[in-house]
Amino acid sequence: VLKYNPNDFEAQFQIAQALMDEQKWEEASAELERLSRSHPKNVEVLNLLGWALLNSGQVDNAFQVWRRSLGIDPKNFATKDTLIRAHLSLGKKLRESGLFTPALVHFKQLARYLGNDSPEAHMEIAITYDMKGDIRSAAAEYNMVVQLDPKNKIARKALTELKMKR
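Anyway, here's the lowdown on the structure attached to this text.

Conventions used here
All chains use their own residue numbering, which begins from 1 and follows the written sequence. Residues qualify for local features only when their pLDDT is at least 70, as the model is predicted, and side-chain atom pairs are given and counted only at 80 or more; totals for whole chains, interfaces and linings, by contrast, use all residues. Note that water and hydrogens are dropped before the side-chain values are worked out from all heavy atoms of the structure. What counts as a helix is a DSSP run of H or I of at least four residues, what counts as a strand is a run of E of at least two, and both are numbered from the N terminus. Radius of gyration: over C-alpha atoms. The globule rule applied is 2.2 Å multiplied by the number of residues raised to the 0.38 power. Two residues qualify as a contact provided that any one of their heavy atoms is within 4.5 Å of a heavy atom in the partner residue. Values of accessible area rely on a 1.4 Å probe in the Shrake-Rupley scheme; residue burial ignores everything except the protein chains shown. For this count, His and the chain ends are skipped, Lys and Arg are scored as positive, and Asp and Glu as negative. The atoms used to mark charge sites are NZ of Lys, CZ of Arg, CG of Asp and CD of Glu. Lines fitted to the C-alpha atoms define the axes, with helices restricted to the stretch that makes contact. Angles between their N-to-C directions range from 0 to 180 degrees. An angle below 35 degrees is treated as roughly parallel, one above 145 as roughly antiparallel, one from 65 to 115 as roughly perpendicular, and anything else as oblique. Left-handed is the label given to a crossing in which the near helix is rotated counterclockwise from the far helix by less than a right angle, and right-handed is the label when the rotation is clockwise. Residues are grouped as follows: Ala, Val, Leu, Ile, Met, Phe, Trp, Tyr, Cys and Pro are nonpolar; Asp, Glu, Lys and Arg are charged; all remaining types, including Gly, are polar. Definition used for salt bridges: Asp or Glu carboxyl oxygen within 4 Å of a side-chain nitrogen of Lys or Arg. Whether a residue is buried, partly exposed or exposed follows from its accessible area with a 1.4 Å probe, protein chains only, as a fraction of its type maximum: under 20%, in between, or over 50%, in that order. In the analysis that follows, any N or O atom pair within 3.5 Å is treated as a polar contact, provided that within protein one partner can donate a hydrogen and the other can accept it, and provided that, for residues neighboring in sequence, both atoms belong to side chains.

To continue, consider the overall build of the protein. Looking only at helices and strands, the protein has 9 helices and 0 strands in total. For 166 residues, the compact-globule estimate of 2.2 N^0.38 gives 15 Å, and the C-alpha radius of gyration of the protein, at 20 Å, exceeds that figure by more than 25%. In terms of its C-alpha atoms, the protein occupies a principal-axis envelope of roughly 70 × 30 × 20 Å. Restricting to contacts in the protein with at least 6 residues of sequence separation, those with at least 24 account for 40%. In the structure as shown, the protein presents an accessible area of about 9,900 Å², 52% of it carried by carbon and sulfur atoms. Treating the 24 positive side-chain charges of the protein as one cloud and the 21 negative ones as another, the clouds have centres 7 Å apart.

This brings us to the packing of helix α5 (residues 77–96) against helix α7 (residues 119–132). Viewed as axis vectors pointing N to C, α5 and α7 meet at an angle of 15 degrees, and their least axial separation amounts to 11 Å. On the basis of the axis angle, α5 is roughly parallel to α7. Taken as a pair, α5 and α7 cross one another with a handedness that is left-handed. Within the contact between the two elements, α5 uses Leu-88, Lys-92 and Arg-95 and α7 uses Glu-124, Ile-127, Thr-128 and Met-131. By residue class, the composition of the contact of α5 with α7 is 3 nonpolar, 1 polar and 3 charged.

Attention shifts here to the pattern of salt bridges. Side chains that differ in sign of charge can pair as their charged atoms come close. Going through the model one piece at a time under the given rule, you end up with 6 salt bridges. Ionic pairing is found between Lys-157 and Glu-161, a salt bridge with its closest N-O pair at 3.9 Å. Here the residue Lys-157 and the residue Glu-161 both occupy positions in helix α9 (residues 153–165), the gap between them amounting to 4 residues, near one helical turn. On the basis of relative accessible area, Lys-157 is assigned to the exposed category, the value being 53%. Within this structure, Lys-92, Arg-95 and Glu-124 form a network of salt bridges that share partners.

Moving on, we come to the environment of Asn-61. Tracing the chain through its elements places Asn-61 in helix α4 (residues 59–72). Looking at Asn-61, the relative accessible area reads 34%, which means it is partly exposed. Taking C-alpha positions, Asn-61 is 22 Å from Gln-12, a pair spaced 49 residues apart along the chain. Here Gln-58 takes part through its side chain, which lies 3.0 Å from a polar atom of the side chain of Asn-61.

What follows is the structure in structure tokens.
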């Protein structure tokens, strides 16, 4: 198809998706960059480009692309979902690596996208503070989780354990 019509959007997009499926992040990024230049307002291209950049280690560029996508269509569910999943995933990876402060940055962004009344986001923040050894901040976040979700047994148990550490 591209031989006869080199500007065929659908064919180029399918190639980019195939590269993503094969985990060829750099090649997928390049293909999606070309597509985004010719279709700068296509949020589907931008969302996929963000994932390609993230998987190729270009974290800041990925979030920059997703914010650009959100600027084009602030109500786009796919972009918001992508940002939520990316912040959650990166936050957990950073926390598991012992990089608590950068993890907190991602979890606080997660709270921003989910809304400050999200028990899930506050739970991730609480766990991170707990692992970091910041008992006071962890307790405040666990209390927020319990306030937002009174039936949350994990947060209640964590609060009890924190009281024993004091």
